[in-house]
Amino acid sequence: MRKIVVLLIAVIFFPLYLQAQLNFVYPVGTAKGGAITALASDWESIGISPSNLGWDGSNKISFTVLNIGISAQADQLTIPNLEKITGGKDTTMLEKIASSHNGLNIYGNFIWAAFSIKLPKIGGLALSISDRAFGNITMSPAISSNSQYQTAFAAIASTAFSSQNAQQFNSKVTINTADSLQMLINTLNSFSGSYVSMYEFREINLAYGRSLFKIGSDDSTAFKFYGGIGIKYLIGLADLHGQFVNGTVTADYAIENGTIYSPIPSGAPGQGVGIDIGASMAYKKWKFAVAATDIGSINWTGTHATLNDTAVAERIITDRGDSNSSNVKNYIQSSGEKFTTVLPSKFRVGASYELNKMLTIASDVILPMNNVVGNLIGTYYSVAGHLTAFKAVTFDAGIATAKNYGTVVPVGVAFGHKVQVYFGVNDVLTYLGKIKNTDLSAAFGLIRVNL
């Protein structure tokens, strides 16, 4: 089994060195200013609105490799504060960020490859392979020092892993056999309400969209209707949940123990299926689209572990001496546990209008369909402009807002016509000194070819 403690460290620290985006990350969506439901076409519509694959005017063939979107979102996660953390100038800044409202949220969407083809009288077909990841760290405001912060994660490590592996994480925790057991218990009790969540899964998505019917005989003024569906096979690579509740630490985890570089890893602990469905309409220069995405779940086989506050404290102290963790009382660990991760389903409504050959404006309203880890907390609104200033340069900018996330201004630029590369950020205001609900993000596409 891959050492889960390494993943814990990666969840906590790795994204902080990346300049990572809002609540959910679509690389193409970021590049198009955040409003994409009635704007995306070809393979870009995978996971967004599959009916768009059937639109008139779509490219006969379109493909891409290596599209990446990453994000870290939290209150006070500004560039100056990030420099304090990475430079060691403020050891309490990470605790302040992790204990802020909704904690520290980390998102990633990696489209390794995607392909679409438009066939006469049949419609559009598309296939993509992508990885999606989410992580959240929320610490109790009662945790006031760096040593307490480290102790919290040492407790989760000691709960979930063997003594030897746990020591790799908690070796810097200032605890030894001379410490007061009751004092440590009191410290652990102050962690109530703290938790860590993380999941990563691979998605192989086959989507299809086509023209359904039209109203009107004149093609230039007819109402044209389209429908589409996407079927996705989900491969669960990692799922981890650790939390402190009423003096008890619990951890549920399932980690892929093979190689993640295989398209279908043999040791994946999770399997699932999801669907995207959508419909759209075109009328003159208008396009409208609705879609329900990420309807489905992943079933995992993993491990459940739990300790109460006394056992947690004793186990941490015992681990300091590299003792056999099975000697610690009140420790329960069971393998082969079954649990389910429900996908963060969303209902999307979008509209776009082509003002002229250079400028198209678009808007999105996205509603969460369930209350699960990684989903939107409230309705997401966005408006964006898509400007082709030159034949080979396209600019995108918009404004978006969602509950508890404030207002963001996504921007993007694409270079090339038939062959493109693009870059974007989900909130340019963060880089201009915005303090609240900041969103460090980056998105880019290595190559996109339209034929």
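Residues numbered from 1 in each chain as written. Predicted model: local features only at pLDDT ≥ 70, side-chain atom pairs only at ≥ 80, totals over all residues. Heavy atoms only, no water.

S.K.: What should I look at first to understand the pattern of salt bridges in this one?
M.R.: Side chains that differ in sign of charge can pair as their charged atoms come close. Taken as a whole and assessed by the stated rule, the structure comprises eleven salt bridges. In this structure, Lys224 and Asp56 form a salt bridge, with 3.2 Å as the shortest nitrogen-oxygen distance. A residue pair is termed long-range when its members are at least 10 positions apart, and Lys224 in strand S5 (residues 223–245) and Asp56 in the loop between helix H2 (27–31) and strand S1 (61–74) qualify at 168 residues. Taking the relative accessible area as the measure of exposure, Lys224 reaches 14% and is therefore buried. Under the relative-accessibility criterion, Asp56 is labelled partly exposed at 45%. Asp131 is the salt-bridge partner of Arg202, the closest N and O atoms lying 2.7 Å from each other. Of this pair, Arg202 sits in strand S4 (residues 195–215) while Asp131 is found in strand S3 (residues 123–138), placing the two residues 71 residues apart along the sequence. (Salt bridge = Lys/Arg side-chain N within 4 Å of Asp/Glu carboxyl O. Helix = DSSP H or I, 4+ residues; strand = E, 2+ residues; numbered from the N terminus. Buried < 20%, exposed > 50% of the residue type's maximum accessible area, 1.4 Å probe, protein only.)

S.K.: Would you explain unusual backbone geometry in this entry?
M.R.: Peptide bonds are trans in most cases, and residues, glycine excluded, mostly fall at negative phi. The residue Lys284 is not glycine, and still its phi comes out positive at about 50°. Mapped onto the elements, Lys284 comes out in the loop between strand S7 (270–283) and strand S8 (286–308). Owing to a relative accessible area of 55%, Lys284 belongs among the exposed residues under this scheme. Phi at Asp294 takes a positive value of approximately 60°, unusual for a residue other than glycine. With respect to the secondary-structure elements, Asp294 resides in strand S8. Taking the relative accessible area as the measure of exposure, Asp294 reaches 2% and is therefore buried.

S.K.: Looking at this structure, how should I read the nonpolar core?
M.R.: Note that soluble globular proteins tend to have their nonpolar side chains buried in a common cluster. Ranked by internal contacts, the top residues of the largest apolar core, which has 17 residues, are Leu77, Ile97 and Leu104. Elements with a minimum of two residues in this core: S1, helix H4 (93–98) and strand S2 (104–119). Per element, the largest residue contribution to this core is three residues, and it comes from H4. In this structure, Ala40, Ile111, Ala114 and Tyr422 belong to the second largest nonpolar core, which totals 13 residues. (Core = buried A, V, L, I, M, F, W, Y, C linked by side-chain atoms within 4.5 Å.)

S.K.: Just checking my understanding: could you explain the confidence of the model for the protein for this structure?
M.R.: Averaged over every residue, the pLDDT of the protein is 78; residues scoring 70 or more account for 75%. Looking across the protein, the model is least confident in helix H1 (residues 4–13), with a mean pLDDT of 33, and most confident in S7, with 96. Confidence drops under pLDDT 50 across residues 1–24; counting only partners more than four residues distant or on other chains, this segment forms 89 contacts. Residue range residues 322–327 is modelled with pLDDT below 50. Its contacts to residues more than four positions away, or to other chains, number nine contacts. (pLDDT = per-residue confidence, 0-100. Contact = heavy atoms within 4.5 Å.)

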